[in-house]
Structure formats: structure tokens, C-alpha cells
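Below are the chains, spelled out letter by letter.
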Amino acid sequence: MPPPRPPYRWALLASGLVLAGYVASLAPTVTFWDAGEFIASARILGIPHPPGTPLFVLIAHVWGWLVPFGEYAFRLNLLSALFSAAGAGFLFLIVQETLAHGAEASTVGETRFLRIGGALAATLIAGFTFTQWQNSNETEVYAVATFAITAIGWLCLVWRSRRGTPGAAPILLLMLYLEGLSIGNHLLALLAGPAVIAFLVVTLLGAPAASAGERRAEWARTAVVAGAWALLIGTGLGSSAITVIGGACLVVAALFAAGAGEVGFAVLSLVVAAVGVTSYLYLYIRAGQHPMLNEAGPDNFQSLLAVIRRAQYPVRTPLDDPTIPHGSDNPGRTLSLFGMQLVNYVQYFDWQWANGVKGALQFSAGVLPWRSLFTLLFGWLGLRGLWWQRRADRSGWWLLFVLFLTTGLALVIYMNFKPGYSLFYDRYPTPSDHEVRERDYFFVVSYLVWGIWAGLGLTDLAQRVLRRRGGPSRLISAGLLGLAIVPFVLNFPAATRRQGPDARLAADVAYDLLNSVPPYGILFTYGDNDTFPLWWAQEVAGIRRDVTVVCLALAQTDWYMRQLRDNPIRPFDEAAAPAIWRGLNPTRPDWPTHTMTDAEIAAAQPTILQDSVPVQIGPLRHTFPPRTVLYGNDLVSIRILQQNLGRRPIAWAITTGRDFQGLDQFVVQQGLVNRLLTAAPDPRADSIVVGQLGTGAVDLRTTERLAWETYRYADLLGGSLDRLEATSAGMANTLSLPFTQLASAYDAQGDRERTLKNLEQAARLSSRRDVREALEQIRLLPRASDSAMKK
């Protein structure tokens, strides 16, 4: 009996419910990591980091232009929510089709109540897994990727229902088009390929067509789909070897298809896949127009190929020890490291179902977080659903099972991550041996699949209750399916980006850093989180575009060195600047940030100095001792200093550390930056204090004006710091540093009131124990007036 017509209205309802949850937790503005770069690139049609994500930039640009309300960042955050919610609609259709298909082999899905209720339960569980939720309420590429995967999964089931009709082959072509198109967003969607192929093969083996001709035609189309997928993998990775192998597979499949009378399908498959990949032409065309954000500058074929190949990132193969650079000295991946990577995957799995739950159960053998009890529950439900689907819908099971493996275990093997951000410091105490952030988002699709299985497991339980035919059985079944809201309720406190004290933190950090330097300043930053939000601030919000931001991580590359030289210096908007920088009458520089030629840039390779080398930097002179190692970013930084010191303000964000090219004695801290002066700061000056908290000189007057009058602190001052995730907590601690510096300086001067005032502000921002201990000690000290009264 054919399955019932898909309940599209119910799918829209499921999608709407998921969308409502995402919108309720939507980030109100830019967030940390890649979001600032993506938002800025979409706004100005720029080019983000390799592989450039051209499809995402184009979609986001059009969406941001069409939507007439909200801050620009909010609009793009909403775009992620919409794509994920649409993907949830496809999840609903996949599950209800599976339940309907399995009704012939099992009692599950026999009633419309269970098909709709079970599909809705699975959709809510999967849609509100923690990582999927986090990907859906900020501007990231993963929402589009999961949408593509769920759409392809649904098309697989549509193809199965249309076998033997003229509408079957176009469905396969549409899947290939989506695969090719998704390369311009993220390669994650290509991981659906093995699952699609497994589904097609199992379907053809389990229910062969009636006629021999149709059987040959279906196998030929399947072979072409497999060959085209292999070719797309090589194209997406930019790998010549895999592309050649994939091309050979497609040629063989095309010859087989020609013998089955399906040569037209083979040609169309190549055409539609190629059309999907054409979004990469955007990178080539736009790079030649030199937008302000033009990562890797892919304006020629070699640069474009380098972007696709991600050539600017260090090589890491699945066989390497990921904590050691690739090469002959790499000892190779060990079983111990692989075990740690599996533990990280399980750690992230544990986050998916109740990550907002705090506290733990105490046992004699250890501690079990309450969250893990829900992990055990949904783990068991997932196993139950997996087993039910394998019995009821074998080809549908292969689709999800292979997808689960390729986006879970296979990714663990292929990505070969370093030990996780929060674990294994007993074995690897150096932070550089760990990933810079948690990598759960890479495995998001595997958690979605498990959420589907957990929903099927709940449906199986509900069906067993209904089979009792008792009075309250339907109510009990509905109650069981109601457990699907558990991930929504228990993940919301951790997943929301709207209600937390850090909701606007990335935006305010960007504002604070840019406004820490005088007009036309040059600001050195370190990496993603002190750079990408600044790009958003300048290109989208129009904040302090006069500041030249120099990201030291990117300054290792030749393309970035050239762009620092060639990009214009934009005018200072005094009306929009904070009061501290008004009335200075700055002169707009008419010289480039540096004047290194292309030949000098090409020669700026890591160098070990054999002899001491004196360098003149404006009025300052520094001698680099023998055996000093200078990298590309050191060389370009020195040239920037030479050509601008005394002409433009120069500062390093305190997030960069204290590497000032040997000029430490000429640096003074001003708020969140360390500014380079043309002479050593004079400790006899009223506002200069030297040696506080083990640092150099601090400009008290400027720091106080910045910290108390200029900076913004999101909602940290009135919020709960224990709700901050790791990145936000680190940035909050950074914002507290000017106050601790001020407190230390005033304490040295014996000014108890100002010391207490600044320490209290620091404690509101910082989770550091030493800050709170210092505050308590100051509070316990007797006031000077109290001592006088006692005398």
C-alpha cells in the first residue's frame, strides 16, 4: 500500500515551532569567532577566510538587503534560524515517511496520531540539540549546510516513492545540484553523499524493478550519482588526485549508463553538478575589485585554487600527531590520541540533550552531572529508535546510519583534531596543544540523526502503550511524546544568545578596542576574536573606520601584507567618536600603512638572524640580537612601525600579549591597548605609573577616561558571570584588566576609595579568584577616617 501523501501543513507547523525557539534565543548582534567576518563580508560583498563560502556570502547579502528591519547582524542571525527551521521541516517529513513506510513491517506508525506525533517529537528533539541550536542563532554556514543535508535526505525518500515513474530521475539530478551548490557554502553537505549512495543501493537490492531494462537503468543512474559525488569531493577539496579519481569514476559510470540507455542522464548529472559549483566564480570576480575584506585575494587562478585548497592553513593529515607540525619529524597519530578524540566526541554528545542543567550527583566512585542522566535517557531512546528503524525501514535506516557514521566517527578520524579545548590538560598542559575552541559544530549532523532515532524510540514506546487499549493509553502516549520538549527546556539556558549577560559582548568589545586608539591609529590584534568583531564594527556599524587593524595571525601571509599597503586610509568621523578623541584636529595620513614592494613581501619569510641587527624606528633605535627568529608578521610589523611612529598613533591590543618588537620600554598601557610612544614614558608625570601588576607603564588618566567614560560592557555589570561560556568569560576578564590596573595604582598611592571603586568594577567583570580576594581584603581594611576617630 503506498504511503499517505506527505502532511506538508504539519511540516510547516513543526518548522514554525522550531523557528520560534530559535528566534527566542537569537543573538541580537554579532557574536565571537567567524560571525563578524561573515556579516562584514555579506554587507560589503567581501571574501571571508578560505574556502571563501561564496554561496553563503551571496545569499546573506541578498537577504540582508531584502529584510527591512533590525540591525544588520540580527537579520543575518535570523537567516541562520530560518535555514535551520526549514531543515527541521524536512526532518519532520523524513520521520513521518519512515513511520508510514514502517507501518507494513511493524505496529509503529499505524495511526495518523503516531505518525504526526512521532515525527513532531523527533523534529523537536533533533532541532533543539544543543549544537544545532547554537549554529542556528548566530551567523554561521552550518545552518545552510544542515538544511542542504536534510533536503537531500527528504529527496531520497521522494525518489523511492517515485521509482518507475518519469519523475524519479529528475529527483536524482536535483540531489546532485544541491550537492554541487553546497560546495559554495560548506563541505559538510558533501558528507551526505555516502549515505545517499548506500540508500540507493539498498533500495535497489531490496526491491528490484520489475523489468530488466528498468533495473539496468536504475543501477546506471546510481553509478552516475556515485561517480559525480566522487568528482564533487575532489572539486570541493581542490585535490587534483581525488578529482582525477572522481572523474575516472564518473567516466566509467557514464559508459555503464550508455549501455543502459542513460547517457543523457550522465551528461545532465555532470552539467547540474558543475552549475552548482559555479558560485566560486564570485570569488574570482569580486577579488579583482579589491573589497576591504578580501582574504587570500583570489583574483587569479592560482590564488583561487589556493583558496579552494585552504593552502594558507597548516597541513594536517589523518595520520599525523595533531599537536606536532606535519613533516618527517611528526611521530604519527597514536591510539591514545585517537581515544582522546573519541572522548571529546562523547563529551559533545553529552551536551546535546540538557546542557543547561547544572549540578551533579555525588557517588563514592565519583561525580555524575545531572545533565548526563538525560544523556543516558536519550542515548537509550536513540538506540531503541535505531533498532526499530532497522527492522521497519531497512533502506531508510541505511540512509541515516551511514550519515551518522560519516558525520561522526569518520569525521573524528579525518579531522584529527588536537585534544579538546577543555580536556586532557594533565597529558597536554600547553594550551597550544589543544584546539582553540570546542569543535562540536563539526559533528552536528550526527547529533541530528541521533535526535531522529530518539524520536523514533519515543514513538515506539507510545505505540506499545496504545496497544494496551486502556482508557488513558492515548493520554499516556501523548505524555511520552511530550518528552520531546526536554531538550528545548533544558538546553535553552545554555543555548540562548539573547538573554545572557554577554548578549552584546562581541559588539561592545569591538567598540572598546577601536575606541582605545586616537584618530588614524594603527591597532595590532591577535586573531579571530579580537579581529573579526572589529571588521563587523567598521564595515557594518561604521565604527572608527579610520583605524587600521593589523591582524598579526594574517600578517604571516603575502596577500594580507599587500592589502595592508594598498587599502585606503578612511576618514575619521569626529561626530561619531567618543568624547576622549574629539577636538584633536587630526590630519588624515596621505601615505600607505607600509611601502614594502611585492618583491620584498615575497621575500618576507621566516629568518634567523646570524648577527646582531640594529633597526631605526622613527626616533627610536633597537638592536635585534643574534639568533633572533623573525617571522613574516614581524617583518611587516617592523616596517609599519618604521614608517608610522611619530606620524600615526600605534598600539597593540592587550589580547596580543607583550611582544612589542623589543620596544617594551617605550610602551604605555592605555585601557585595552598598549601604545608605543616616541620616548620612554616619564614616571614623574602625574598620570604615569610604572610597574603595576608586573606590567610596564600605565597611563592612569587615559585609562580612567576609557574605562569609566568610553567603554561599553554589554550586560556584564549587572549579569551573572557564571552563565558565560569560555570565550565570553575570557573577554570579560580582559575588560576587567584596566580596572585592576587602576586599582593597583591607586592602592600604591594609598587612595582606598578609588582602589575599592575600581576593584568592585573589576569583580563585576572578572571571574578571577584573585580579583575577588583582593576586593575582600580592601573592604576589610579600616578607613583612614575611622583610624583618625579612634585616635
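Quick notes on the rules
Residues numbered from 1 in each chain as written. Predicted model: local features only at pLDDT ≥ 70, side-chain atom pairs only at ≥ 80, totals over all residues. Heavy atoms only, no water. Helix = DSSP H or I, 4+ residues; strand = E, 2+ residues; numbered from the N terminus. Rg over C-alpha atoms; globule rule 2.2 N^0.38 Å. Buried < 20%, exposed > 50% of the residue type's maximum accessible area, 1.4 Å probe, protein only. Contact = heavy atoms within 4.5 Å. Expected span 1.5 Å × (residues − 1). Phe/Tyr/Trp six-rings, centres within 6.5 Å; stacked < 30°, edge-to-face > 60°. Patch = residues over 30% accessible without salt bridge, like charges linked within 9 Å, V, L, I, M, F, W, Y side chains within 5 Å. Areas by Shrake-Rupley, 256 points an atom, 1.4 Å probe, with all protein chains shown as cover. Salt bridge = Lys/Arg side-chain N within 4 Å of Asp/Glu carboxyl O. pLDDT = per-residue confidence, 0-100. Lys, Arg positive; Asp, Glu negative; His and termini not counted. Axes fitted to C-alpha atoms, helices over the stretch in contact; angles between N-to-C directions. Parallel < 35°, antiparallel > 145°, perpendicular 65-115°, else oblique. Left-handed = near helix turned anticlockwise from the far one by under 90°. Core = buried A, V, L, I, M, F, W, Y, C linked by side-chain atoms within 4.5 Å. Pairing = 2+ DSSP bridges. Nonpolar A, V, L, I, M, F, W, Y, C, P; charged D, E, K, R; others polar. Disulfide = S-S within 2.5 Å.

Trainee: Describe the overall build of the protein chain, and please don't skip the residues or the numbers.
Mentor: In terms of regular secondary structure, the protein chain is built from 31 helices and 13 strands. For 791 residues, the compact-globule estimate of 2.2 N^0.38 gives 28 Å, and the C-alpha radius of gyration of the protein chain, at 29 Å, lies within 12% of that figure. Out of the 791 residues belonging to the protein chain, those deemed buried represent 58%. Once local pairs closer than 6 in sequence are excluded, the contacts in the protein chain between residues at least 24 apart make up 72%.

Trainee: Summarise helix α19 (residues 444-466); cite the residues concerned and give the values.
Mentor: A rise of 1.5 Å per residue sets the reference length of α19, with its 23 residues, at 33 Å; its end C-alpha atoms lie 33 Å apart and thus fit the reference within 8%. Burial within α19 is extensive, with 22 of its 23 residues counted as buried.

Trainee: I'd love a proper account of the packing of aromatic side chains, names of residues and values included.
Mentor: Throughout the structure, instances matching the rule amount to 36 aromatic pairs. Between Phe 417 and Phe 443, the aromatic rings sit 6.3 Å apart at their centres with planes inclined by 85°, giving edge-to-face as the arrangement. Within this pair, whereas Phe 417 is found in the loop between α18 (409-415) and α19, its partner Phe 443 is found in the loop between α18 and α19, the two being separated by 26 residues in sequence. Judged by centre distance (6.0 Å) and plane angle (55°), the rings of Phe 488 and Phe 492 are tilted.

Trainee: Explain a nonpolar patch on the surface to me, and be specific about the residues and the numbers.
Mentor: There is a patch of nonpolar side chains on the surface, built from Val 263, Val 267, Val 271 and Val 275 and spanning about 310 Å² of accessible area. Inspection of the secondary structure puts Val 271 in helix α12 (residues 263-277). Here Val 271 falls in the partly exposed class, since its relative accessible area comes to 42%.

Trainee: Talk me through the confidence of the model for the protein chain; I want residue IDs and the actual numbers.
Mentor: Chain-level statistics for the protein chain give a pLDDT mean of 90 and a share of 95% at 70 or above. This model gives residues 784-791 a pLDDT under 50, and the stretch forms 1 contact once residues within four places in sequence are excluded.

Trainee: Tell me about the side chain of Asp 34, and name the residues and values.
Mentor: Examined against the element boundaries, Asp 34 turns out to sit in the loop between α1 (8-24) and α2 (35-44). Buried within the structure, Asp 34 lacks any salt-bridge partner; its nearest side chain of opposite charge belongs to Arg 437, at an N-O separation of 4.7 Å. Excluding anything up to four places from it in sequence, Asp 34 contacts His 49, Glu 140, Asp 528 and Phe 532.

Trainee: Please provide a residue-by-residue account of the side chain of Arg 221, values included.
Mentor: Checked against the element boundaries, Arg 221 lands in helix α10 (residues 212-237). With residues near it in sequence (within four places) discarded, Arg 221 still touches Ala 169, Leu 172, Glu 214, Glu 262 and Phe 265.

Trainee: Any details on the packing of helix α15 (residues 335-351) against α19? Residues and values, ideally.
Mentor: The N-to-C vectors of α15 and α19 enclose an angle of 50°; their axes lie 11 Å apart at closest approach. It follows that α15 is oblique to α19 by the angle criterion. When you trace α15 past α19, the crossing you get is right-handed. Facing Tyr 345, Tyr 348 and Phe 349 of α15, the residues of α19 in contact are Ser 446, Tyr 447 and Trp 450.

Trainee: Can you explain the nonpolar core? Please cite residues and give values.
Mentor: If you look at the biggest cluster of nonpolar residues, it comprises 233 residues, and the most contacted ones within it are Phe 443, Trp 453, Leu 523, Phe 524 and Leu 676. Broken down by element, the residue count for this core peaks at 15 residues, all from helix α4 (residues 72-102). In this structure, Trp 453 is in contact with Leu 381, Gly 382, Gly 385, Leu 386, Gln 389, Trp 397, Leu 400, Phe 401 and Phe 404, ignoring residues within four places of it in sequence.

Trainee: Tell me about the pattern of salt bridges, and please be specific about residues and values.
Mentor: Summed over all chains, the structure comprises 20 salt bridges. Its salt-bridge partner being Arg 371, residue Asp 350 comes within 2.8 Å of it at the nearest N-O pair. Linking Asp 350 in helix α15 with Arg 371 in helix α16 (residues 370-392), this pair joins segments that are 21 residues apart in sequence. Taking relative accessible area as the criterion, Asp 350 reaches 12% and is therefore assigned buried. Close ionic contact of Arg 639 with Glu 600 constitutes a salt bridge, the shortest N to O distance being 3.5 Å. Residue Arg 639 is located in helix α26 (residues 632-644), and its partner Glu 600 is located in helix α25 (residues 598-602); the two are separated by 39 residues in the primary sequence. A relative accessible area of 33% means that Glu 600 is categorised as partly exposed. A network of salt bridges, in which partner residues are shared, links Glu 214, Arg 221 and Glu 262.

Trainee: Report on α10, specifying residues and quantitative values.
Mentor: Across its 26 residues, α10 extends 38 Å between first and last C-alpha, which sits within 8% of the 38 Å expected from 1.5 Å per residue. Positive backbone phi, approximately 65°, marks Gly 238, located one or two places after α10.

Trainee: Can you explain unusual backbone geometry? Please cite residues and give values.
Mentor: Look at the link from Pro 50 to Pro 51: it is a cis peptide, with omega at 10°. Counting through the fold element by element, Pro 51 comes out in the loop between α2 and α3 (54-66). Within the chain, Arg 310 stands out as a residue other than glycine whose phi angle is a positive 60°. Summarising the element assignment, Arg 310 is placed in the loop between α14 (301-309) and α15.

Trainee: For the environment of Leu 514, give the residues involved together with the corresponding values.
Mentor: As for its placement among the helices and strands, Leu 514 is situated in helix α22 (residues 505-514). For the pair Leu 514 and Phe 442, spaced 72 residues apart in sequence, the C-alpha to C-alpha distance is 32 Å. Setting aside anything within four residues of it in sequence, one finds Leu 514 in contact with Leu 534, Ala 537, Gln 538, Ile 543, Arg 544, Val 547 and Val 549.

Trainee: So, the pairing of strand β11 (residues 673-676): which residues are in play, and what are the values?
Mentor: In terms of strand pairing, strand β9 (residues 650-653) meets β11 through 4 bridges, oriented antiparallel. Across the sheet, the residue bridging to Ile 650 is Leu 676, located in β11. Of the pairings in the sheet, the one linking strand β10 (residues 667-670) to β11 comprises 4 bridges and is antiparallel in character. The residue of β11 that forms the bridge with Val 667 is Leu 676. Following β10, the chain reverses through 2 residues before pairing antiparallel with β11; Gly 671 in that reversal takes a positive phi of roughly 65°.

Trainee: Explain the environment of Trp 159 residue by residue, including any values.
Mentor: Among the secondary structure elements, Trp 159 is positioned in helix α7 (residues 142-161). By relative accessible area, which is 3% here, Trp 159 ends up buried. Apart from residues lying up to four places away in sequence, Trp 159 is in contact with Ala 168, Ile 171, Leu 172, Phe 199, Leu 200, Thr 203 and Leu 204.

Trainee: Describe the environment of Ile 242, with residues and values.
Mentor: Looking at where Ile 242 falls in the secondary structure, it is placed in helix α11 (residues 240-259). Expressed as a C-alpha distance, the spacing of Ile 242 and Leu 231, which sit 11 residues apart in the sequence, is 7.3 Å. For Ile 242, the contacting residues outside a window of four places in its chain are Ala 230, Ile 233, Gly 234 and Leu 237.

Trainee: An account of the packing of helix α17 (residues 394-406) against α19 is needed here, citing residue identities and associated values.
Mentor: As a packed pair, α17 and α19 sit with axes 8 Å apart at the nearest point and diverge in direction by 145°. Handedness of the crossing formed by α17 with α19: left-handed. For the pair α17 and α19, the contacting residues are Trp 397, Leu 400, Phe 401, Leu 403 and Phe 404 in the first and Val 445, Ser 446, Val 449, Trp 450, Ile 452 and Trp 453 in the second. For the contact of α17 with α19, the class distribution of residues is 10 nonpolar, 1 polar and no charged.

Trainee: So what's going on with the state of the cysteines? Which residues, and what values?
Mentor: All told, the structure shown has 0 disulfides when counted by the stated rule. Its sulfur unpaired, Cys 156 is 19 Å from the next cysteine sulfur, which belongs to Cys 249. Cys 156 gets classed as buried once you look at its relative accessible area, which sits at 0%.

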